[in-house]
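Read off the chains here:
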Amino acid sequence: MPLVEKRTNQENKIQTNPPDWSALIPVLPGDGPRSRELYAALRRLIETGALAAGAKLPTTRDLAGRFGLSRSAAVACFEMLISEGFAVAKVGAGTFVARDVPYLPTTLAKARPPEIDVAASLPCGLGVAVSDPRTLDLFRILLSRHLARPGPEHFRYGDPRGGIALRTAIAKYLRTARGVRCDAGQIVLTSGTQQGLDLLVRAAIRPGDAVWIENPCYPMAHAALAGSGARVAAVPVDSEGLDPEIGARLYPKARAAYVTPSHQYPLGVTMTMRRRLALLDWARRNDAWIFEDDYDSEFRYAGPPLTSLQGMDGADRVAYLGTFSKVLFPGLRIGYVVVPEPLLDAVMAVRARADRYPSTLAEGALTDLLNEGHFAAHLRRVRRRVQAARDALVAGLEAHCGDMLDVTVPEQGLHLMAMLKGGPDTAIVEAAKAVGVGARALSSMFIDGVPRHGLVLGFSGFSDEELRAATARLGGVMR
Ligand SMILES: Cc1ncc(COP(=O)(O)O)c(C=O)c1O
C-alpha cells in the first residue's frame, strides 16, 4: 500500500454542511504569523477531508472577524492555499476547496513527532560516531581551502549522481577496500544510506512487489520499504545470515532482497559464502535485485572483511550501499550507491526528480580527505578507539551483568548483541533508560514470528568510563 493514496477529496463523502468554522479551527495559537497558523489549520482540514472538495470557504472578511485577525492576514492565508493548489478562487463567487487535492489518510494526520534531542544520547545508544579532533581540524582546513576559492560547481546545477571527483575517489576506495566492481559513472552520491535505499526502491520496486528483508532487521530499512508500498517479506536470519532457501520457498517471486551480509544488523553475523552464492544465484535466476547495505565494514577488528557481495556478482544484480555516517559522522549526510548498469537511468531520473543533485558544499573537502591519505589515517585512529570501547563495554557487561546476559564479542562494527537469559527485553530497556543507559530491544526489530529477546548495545562515541559506569547501572536494574 502506498503511504499516500492517489484518491482525491472528490471521492470523500465527508460533508461539512454548513461548516462551523469556529469548531473546525478550534485554536489559533498566538505565536508566529497568524496567516501561517490559519493556513496550517485550513490545509489540515482540507488534507484530511474534513473540508470536502469543492466546499466554499468563508470570506476573508468573515474569517478575519471570527478569529480576530487582520484582513490582510486572512488574504495572505488564502493566497498561500491557492498558490499551493489547495484552493481555487472564482471571480465573483468566492474561494473553494480544490477538487484534486491529494488525500491524506487520517491515520497519517497525527500529531507531529517530538523533536529529536541529540544531546540526550545515552551511553550504549546506537548511531553515535567518534568525534576525532585531528580529523575535524583537517576537515575544517580543507573546507576553508575550498570555500576560499569556490569552484563553478557551487553556482550551477550539477549531475544527479554528484560531483565526478568524489565519485572517482569513492570508486577507487571501494575497489581496493571492499572488492566492489565499479567505476565512477555507476556511483550516485546520496544523503546517506537512507536516501540511497529510497532511490533504489522507487526506481526498481512497484507498490505491491514483494521484497525480502532480514528478520530481525534494521528498522529504517523496513520503514523505507514498507513506506514505499513494497510487500515486506520477512526472511529468517540464523548464524549463517539470511537464508535464501527459505526466502525462495516462501516468496519465490520477490523483486529484491535487502541484506547486510558483512555484519547483519542487528544480530552481527556474517553471511557465509554458501549463502552468498545461493542469494546471488536466486537473484540471477529471478531477475531480482539485491540491495547490499555495507554500513560498518570499515570497522573490522579481526582479519580482513569478506569481500562485498557486489564484488562476487557477475550478473549486475547487486546495488551496493555505503555511508560516511559511521566512519566520519552522520551529520555529514553523505553516502553512496553503486548502481547496477540496468538500473542506473531509473535511479538518476528519480534522484533528479527528488532533489536534483547532492549538495556540493562538502564534496571537495571529502575528496581531498580520501585522496590525500587522511581518511586512511583517520580510520586507523578511530578503529583503535572503537575497539577499546568495545572491550570496555564487554568487560563491564561481564563484571556487572554476566549471569544475566549472553554477550557476543563482535569482530566488526559499532554495536554488540547481548542475549537475555530471561525476558522481556522491552521492560529492561525502559528501566535502563530511566537510569541513563541507551539500550535497544532486539524483539522490537523482529517483523514477523516469535521474537528473541536481547539488548542491542552501542559502544562507539562514548568514553570507556561512560560505558563501564553504564554497565554497572544496567546490572543494577536487571537484578
Ligand atoms: C544497518 C544500517 N545501515 C545504514 C546506516 C546508516 O544510515 P545513513 O547512512 O542513512 O546515516 C545505519 C545507521 O545506523 C545502519 O544501522
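Residues numbered from 1 in each chain as written. Predicted model: local features only at pLDDT ≥ 70, side-chain atom pairs only at ≥ 80, totals over all residues. Heavy atoms only, no water.

Points about the site of the ligand
Taken together, Gly192, Thr193, Gln194, Tyr218, Tyr265, Asp293, Tyr295, Thr323, Ser325, Lys326 and Arg333 make up the full set of residues adjacent to the ligand. Between an oxygen atom of the ligand and a main-chain N or O atom of threonine 193, the distance comes to 2.7 Å. Between the ligand and threonine 323, the relevant distance is 2.7 Å, taken from an oxygen atom to a side-chain nitrogen or oxygen of the residue. Calculation on the ligand without its partners gives an accessible area of 390 Å², and the protein chains cover 90% of this total. The element that contributes the greatest number of residues to the shell around the ligand is helix α7 (residues 192-204), accounting for three residues. Residues of the shell around the ligand, tallied by class, amount to three nonpolar, five polar and three charged. (Near = heavy atom within 4 Å. Polar contact = N/O pair within 3.5 Å; in protein donor to acceptor, adjacent residues only side chain to side chain. Areas by Shrake-Rupley, 256 points an atom, 1.4 Å probe, with all protein chains shown as cover. Helix = DSSP H or I, 4+ residues; strand = E, 2+ residues; numbered from the N terminus. Nonpolar A, V, L, I, M, F, W, Y, C, P; charged D, E, K, R; others polar.)

Overview of the nonpolar core
Ile170, Leu174, Ile187, Phe324, Tyr336, Leu455 and Leu457 are the most contacted members of the largest nonpolar core, which totals 59 residues. Per element, the largest residue contribution to this core is nine residues, and it comes from helix α14 (residues 374-401). Formed jointly, this core draws a minimum of three residues from each of two domains, domain 2 (134-373) and domain 3 (377-478). Dropping the residues within four chain positions of it, leucine 174 is found in contact with Gly179, Val180, Cys182, Ile187, Tyr320, Tyr336 and Val338. Counting 27 residues, the second-largest nonpolar core is a separate cluster that includes Val188, Val211, Ala256 and Val339. (Core = buried A, V, L, I, M, F, W, Y, C linked by side-chain atoms within 4.5 Å. Buried < 20%, exposed > 50% of the residue type's maximum accessible area, 1.4 Å probe, protein only. Domains from an automatic or database assignment. Contact = heavy atoms within 4.5 Å.)

Examining the pattern of salt bridges
Applying the stated criterion across every chain, the model contains 17 salt bridges. Here arginine 178 makes a salt bridge to aspartate 294, at a shortest N to O gap of 2.6 Å. Residue arginine 178 is found in helix α6 (residues 164-178), and its partner aspartate 294 is found in the loop between β8 (289-293) and α11 (309-312); the two are separated by 116 residues along the sequence. The pair formed by arginine 178 and aspartate 294 is uniform in burial state, with each residue classed as buried. One network of salt bridges, in which partners are shared, links Arg145, Asp368 and Glu372. (Salt bridge = Lys/Arg side-chain N within 4 Å of Asp/Glu carboxyl O.)

With respect to the pairing of strand β2 (residues 94-97)
Direction of pairing for strand β1 (residues 87-90) relative to β2: antiparallel, over a ladder of four bridges. Each bridged residue has a counterpart across the sheet, and for alanine 87 the counterpart in β2 is valine 97. Counted along the chain from β1 to the antiparallel partner β2, the turn is three residues long, and its residue glycine 92 has a positive phi close to 80 degrees. (Pairing = 2+ DSSP bridges.)

Observations concerning the packing of aromatic side chains
Evaluated as defined, the whole model comprises eight aromatic pairs. Judged by centre distance (6.2 Å) and plane angle (85 degrees), the ring pair of phenylalanine 139 and phenylalanine 329 falls under edge-to-face. Separated by 190 residues along the polypeptide, phenylalanine 139 in helix α5 (residues 133-148) and phenylalanine 329 in the loop between β9 (318-323) and β10 (335-338) bring together distant segments of the chain. Joined through ring pairs, the aromatic side chains of Tyr173, Phe324, Tyr336 and Phe375 make up one cluster. (Phe/Tyr/Trp six-rings, centres within 6.5 Å; stacked < 30°, edge-to-face > 60°.)

Structural notes on the sheet that holds strand β11 (residues 405-408)
Taken in spatial order, the four strands of this open sheet run β11-β12-β14-β13, and their pairing is antiparallel. Bordering the open sheet on either side are β11 and β13 (440-441), each of which pairs with just one other strand. In this structure, strand β12 (residues 415-420) lies alongside strand β14 (residues 454-458), joined through five bridges in antiparallel fashion. Bridge pairing in β14 links histidine 415 to glycine 458.

Here we look at the domain arrangement of the protein
By the assigned domains, the protein splits into domain 1 (1-112), domain 2 (134-373) and domain 3 (377-478). The distance between the C-alpha centroids of domain 2 and domain 3 comes to 26 Å. Contacts between the two partners involve 29 residues from domain 2 and, on the opposite side, 25 residues from domain 3. Of the roughly 2400 Å² buried between domain 2 and domain 3 on both sides combined, carbon and sulfur atoms contribute 59%. Applying the counting rule to domain 2 against domain 3 returns one salt bridge. We note a salt bridge from arginine 300 to glutamate 411, for which the minimum N-O separation is 3.4 Å. Counting residues per element, the ones that place at least two in the side of domain 2 that touches domain 3 are α5, β4 (210-215), α8 (219-227) and β5 (231-238). By residue number, the principal contributor to the side of domain 2 that touches domain 3 is β4, which donates three residues. (Buried area = accessible area lost by both parts, 1.4 Å probe.)

Notes on a nonpolar patch on the surface
On the surface, a cluster of nonpolar side chains totalling about 260 Å² of accessible area is made up of Met273, Leu277 and Leu306. Along the polypeptide, leucine 306 turns up in the loop between β8 and α11. By relative accessible area, which is 36% here, leucine 306 ends up partly exposed. (Patch = residues over 30% accessible without salt bridge, like charges linked within 9 Å, V, L, I, M, F, W, Y side chains within 5 Å.)

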